[in-house]
Amino acid sequence: MHNKKVKQKLSFVIPSLGAGGAERVVSTLANALIKDYEVYIITFIRVVPFYKLHKDVQLMYCVDNVPPSRNIFNALKSNYILLKKINAIIKTEKIQLLIGFLTSANVLSVLAAKSNSIPSIISERNNPNKNNTNKFWKLLKNFSYPKANYLVVQTKEIKEYYTSSVDEKKLIILPNPISAELSAKRDNEAFKENVILNVGRLTNQKAQDVLIKSFSQIEDKNWKLLIIGEGPKKKEYQKLIEKLDLKDRVIIKSKTKNIDKYYNSSRIFAFSSIFEGFPNALIEAMHFGIPCISTDCPTGPSELIKDGINGFLIPMNKEQVLTEKINQLISKEDLRLSFGKNGQKTVDKFKVDSVVERWNKIIKRCI
């Protein structure tokens, strides 16, 4: 009989596993950590994961769906139900560590971990200064976050925000890993088209309207703007595109499974956000060697782009500046190439293996 080492059990907790950035990170981490641990993912609702999961990752869910809370009592009740279910899974599966992603899952992870006397790591994904969490969640965050073993954030700025409430020894900056699946599809020889790419949800936060207006002013009319994403602003942006008579040159494409195709074939990436947690799409674009223009919004882009060296960093909501920079990149192929090369080097540290290794270190300190 072989004495096989029993793997320790850890579980991620996340509201759902749809097509978002946090969901991609959890999927990527789970797939990588499965080598060393038994990995579970607990979602609040029953879901079909958007990203591919390793066959050994065990997916558990709390309830079939969570109705939107009409008032605080509803909210308390549905969260109480979720908490009870997470507790039950911990007991049945003998989970030894919880890793929360996103505010509501973080709060519930800390509470569940405490009541089962196991450690927890929580991960804040957005910029807390800009995130309009309601009072109820703010209270719960202030109560629970300091009780976690570690709080993982993505930028120095977000770390600073938490130093007043969470012990600094518990605060760790860890970037998002670039998905290995995506990396594998990078093709530096791919044929490039005259396309300016933007990837992100169609929301105020991503300010694609600024990009559309800037694009309408560029000199060379043989270029297209491709925006990949969906969200509440879609109709409004489509009206804007019609109004500016850009129907043939600006395309909004909703969710796509093969985003690599567009990263490989676009010549420029433009990012117009007014705030970020940590811009996955920007890192991915740089990884694919696309020359990038990004607003210097809080938080993230300024930690990635050195203006004029591996991309352009521009003020927010400045249509004219954005137009100028796009014109510059369109007309100067050598600048595009050097930004692309330098950008690629900059984000090498976000490759899966190096990020997972750092996660592994914190996990080992906990269990």
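Model, not experiment: these values are computed from the prediction.

Thresholds applied
- Residues numbered from 1 in each chain as written.
- Predicted model: local features only at pLDDT ≥ 70, side-chain atom pairs only at ≥ 80, totals over all residues.
- Heavy atoms only, no water.
- Buried < 20%, exposed > 50% of the residue type's maximum accessible area, 1.4 Å probe, protein only.
- Helix = DSSP H or I, 4+ residues; strand = E, 2+ residues; numbered from the N terminus.
- Pairing = 2+ DSSP bridges.
- Right-handed = clockwise from strand over helix to strand, strands pointing away.
- Axes fitted to C-alpha atoms, helices over the stretch in contact; angles between N-to-C directions.
- 1 Å grid on protein atoms, 1.4 Å probe; cavity = no way out; pocket = protein on both sides within 12 Å on 5 of 7 lines; lining within 4 Å.
- Points joined across faces, edges and corners; volume = space filled by probe spheres on them.
- Nonpolar A, V, L, I, M, F, W, Y, C, P; charged D, E, K, R; others polar.
- Contact = heavy atoms within 4.5 Å.

Draft legend 1. Structural view of the pairing of strand 8 (residues 193-199). Where burial is concerned, most of strand 8 is hidden: five out of the seven residues are buried. Of the strand pairs in this sheet, strand 8 and strand 11 (residues 266-271) are connected by three bridges, and their pairing is parallel. Within the sheet, the bridge partner assigned to Ile196 lies in strand 11 and is Ile268. In the sheet, strand 8 pairs with strand 9 (residues 224-228) via five bridges, with the strands oriented parallel. Residue Val199 lies in a different strand from strand 9, and its bridge partner there is Ile228. For the segment spanning strand 8, helix 7 (residues 208-216) and strand 9, crossover handedness is right-handed.

Draft legend 2. Focus on the sheet that holds strand 13 (residues 312-314). The parallel open sheet is built from six strands, whose spatial order is 10-9-8-11-12-13. Looking at the sheet topology across the chains shown, the edges are occupied by strand 10 (250-253) and strand 13. Between one strand axis and the next, the sheet turns by 20 degrees as a mean value, whatever way the strands run.

Draft legend 3. View of empty space enclosed by the protein. Summed over the entire model, instances satisfying the criterion amount to two cavities of 30 Å³ or more. In this structure, the largest cavity occupies an estimated 40 Å³ of space. In this structure, the largest cavity is lined by Arg24, Val25, Asn176, Pro177, Ile178, Asn280, Ile283 and Glu284. For the lining of the largest cavity, the secondary structure elements donating two or more residues are helix 1 (21-33) and helix 10 (280-287). Element by element, the count of residues in the lining of the largest cavity is highest for helix 10, at three residues. Its residues placed into classes, the lining of the largest cavity shows four nonpolar, two polar and two charged. Empty space within the second largest cavity amounts to approximately 30 Å³. Each residue belonging to the lining of the second largest cavity can be placed in one class, and the counts come to five nonpolar, three polar and one charged.

Draft legend 4. A look at the sheet that holds strand 2 (residues 37-45). Here we have seven strands laid out as an open sheet, ordered 3-2-1-4-5-6-7, and parallel in their pairing. With one partner strand each, in any of the chains shown, strand 3 (58-63) and strand 7 (171-173) form the two edges of the open sheet. Put simply, the sheet's adjacent strands are angled 25 degrees from each other on average, direction ignored. As paired strands, strand 4 (residues 97-101) and strand 5 (residues 120-123) are joined by four bridges and run parallel to one another. Bridging across to strand 5, Ile99 finds its partner in Ile121. Running at roughly 160 degrees to strand 4, helix 3 (residues 103-115) makes contact with strand 1 (8-14), strand 2, strand 4 and strand 5 of the sheet.

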